[in-house]
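Fold and contact review
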Amino acid sequence: HTAPIPPPDSWANPKENEVAIWNIQMEEGATWNLPKTEAGINRTLYFYEGNEITVGTTDIGKYRMAELTANTNMQLTAKEGICKIFWILASWFE
């Protein structure tokens, strides 16, 4: 899918703000590498459906969020059943 272009006056419009919003669905046992970003980019993961996922070496239960270090690759693993995750990236507001 291709993301729509943000409105001209949106904070998401300038590329330097690095705004991305992903809705991820993973089958049981699937893994995916979350790519690292530049320092100062906020990466927040919301786990909203499924039983458990692992981010790096940390298990996360349903209805939890995790703030991820920007400059580190992270492996995401769906532990049980279909897992749905909402992932948001953006530079900090100034």
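Computed from a predicted model, the values in this text were never measured in an experiment. All chains use their own residue numbering, which begins from 1 and follows the written sequence. Where totals are concerned, whole chains, interfaces and linings use all residues; where local detail is concerned, this predicted model gives features only for residues with pLDDT of at least 70, and gives and counts side-chain atom pairs only at 80 or more. The basis for every side-chain value is the complete set of heavy atoms in the structure, and neither hydrogens nor water enter the calculation.

1. Focus on the sheet that holds strand 5 (residues 58-61)
Read from one edge of the open sheet, four strands run 2-7-4-5, paired in antiparallel fashion. Edge positions in the sheet fall to strand 2 (31-34) and strand 5, since each has one partner strand and no second. Across the sheet, the axes of successive neighbouring strands diverge by a mean angle of 25°, strand direction being ignored. For two strands to be treated as a pair, DSSP must find at least two bridges joining them. The numbering of helices and of strands both runs from the N terminus, where a helix is a DSSP run of H or I of at least 4 residues and a strand a run of E of at least 2. Where strand 2 meets strand 7 (residues 74-78), four bridges bridge the pair, whose relative direction is antiparallel. Angles shown run from 0 to 180 degrees and are taken between the N-to-C directions of axes, each axis being a line fitted to C-alpha atoms and, for helices, limited to the stretch in contact.

2. Topic: a nonpolar patch on the surface
Grouping into patches uses exposed residues only, defined as over 30% relative accessible area, and leaves out salt-bridged ones; the cut-off is 9 Å for like charges and 5 Å for nonpolar side chains (Val, Leu, Ile, Met, Phe, Trp, Tyr). Areas reported as accessible are Shrake-Rupley estimates using a 1.4 Å probe. Residue values count occlusion only from the protein chains shown. Definition used for salt bridges: Asp or Glu carboxyl oxygen within 4 Å of a side-chain nitrogen of Lys or Arg. Taken together, Ile21, Tyr46, Tyr48, Tyr63, Met65 and Phe86 make up a surface patch of nonpolar side chains, about 610 Å² in accessible area. Note on placement: Tyr48 falls in strand 3 (residues 41-49).

3. Things to note about the nonpolar core
Counting 18 residues, the largest nonpolar core has Leu45, Ile53, Val55, Leu76 and Ile85 as its most contacted members. Those elements that provide at least two residues to this core are strand 1 (20-26), strand 3, strand 4 (52-55), strand 6 (64-68), strand 7 and strand 8 (83-91). The leading source of residues in this core is strand 8, at four residues. Contact definition: two residues touch when any of their heavy atoms are within 4.5 Å. Beyond its immediate stretch of four places on either side in the chain, Val55 contacts Leu45, Ile60, Leu68, Met74, Gln75 and Leu76. What we call a nonpolar core is a set of buried Ala, Val, Leu, Ile, Met, Phe, Trp, Tyr and Cys residues that are connected through their side-chain atoms within 4.5 Å. Partly exposed describes any residue whose relative accessible area lies between the buried limit of under 20% and the exposed limit of over 50%, with all areas from a 1.4 Å probe on protein chains only and scaled to the type maximum.

4. Re the environment of Ala90
Among the secondary structure elements, Ala90 is positioned in strand 8. Through-space distance from the C-alpha of Ala90 to that of Gly40 is 8.7 Å; in sequence the pair is 50 residues apart. Excluding residues within four positions of it along the chain, Ala90 makes contact with Trp11, Asn17, Glu18, Val19, Gly40, Ile41 and Asn42.

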